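A look at the structure
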Amino acid sequence: MAWEVHWVGHGQDNTHGVFKTLEEAQDSVREWWKKNDFEPFYIRQWGENPVIWDYGSHTCFYEFHKVVI
């Protein structure tokens, strides 16, 4: 099992990578934010598969999908 990261918004679903654990997948988003000088006002999380992050955009989300590789 692994976790695939998706950014979903504005009619798009972009895959950002596949990671061994949910923690690694979520850290990859945090690292991208840091590289791009972005600081979310909050992160609201729900769901199990996918795990969804609402990070303040109201129209864009991160989804973490458990996948079989």
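Just above, that's the structure.
Residues numbered from 1 in each chain as written. Predicted model: local features only at pLDDT ≥ 70, side-chain atom pairs only at ≥ 80, totals over all residues. Heavy atoms only, no water.

**Some words on the side chain of Gln-26**
Among the secondary structure elements, Gln-26 is positioned in helix 1 (residues 22-35). What makes Gln-26 buried here is its relative accessible area of 10%. Setting aside its immediate chain neighbours within four residues, Gln-26 contacts Gln-45, Val-51, Trp-53 and Phe-64. (Helix = DSSP H or I, 4+ residues; strand = E, 2+ residues; numbered from the N terminus. Buried < 20%, exposed > 50% of the residue type's maximum accessible area, 1.4 Å probe, protein only. Contact = heavy atoms within 4.5 Å.)

**Side note on helix 1**
Compared with an ideal rise of 1.5 Å per residue, which puts 14 residues at 20 Å, helix 1 spans 20 Å between its outermost C-alpha atoms and is within 8% of the ideal. When helix 1 is considered as a whole, its buried residues turn out to be Ala-25, Gln-26, Ser-28, Val-29 and Trp-33. Along the axis of helix 1, the buried residues cluster in a sector spanning 145°; they form a single face. Summarising the geometry of helix 1, the exposed residues directed more than 90 degrees from the buried face are Glu-23, Glu-31, Lys-34 and Lys-35. Those residues of helix 1 hidden inside the fold are in contact with strand 1 (2-9), strand 2 (12-19), strand 3 (44-46), strand 4 (51-54) and strand 5 (60-67). Two residues or fewer past helix 1, Asp-37 is found with a positive phi of approximately 50°. (Expected span 1.5 Å × (residues − 1). Arc of directions from axis to C-beta.)

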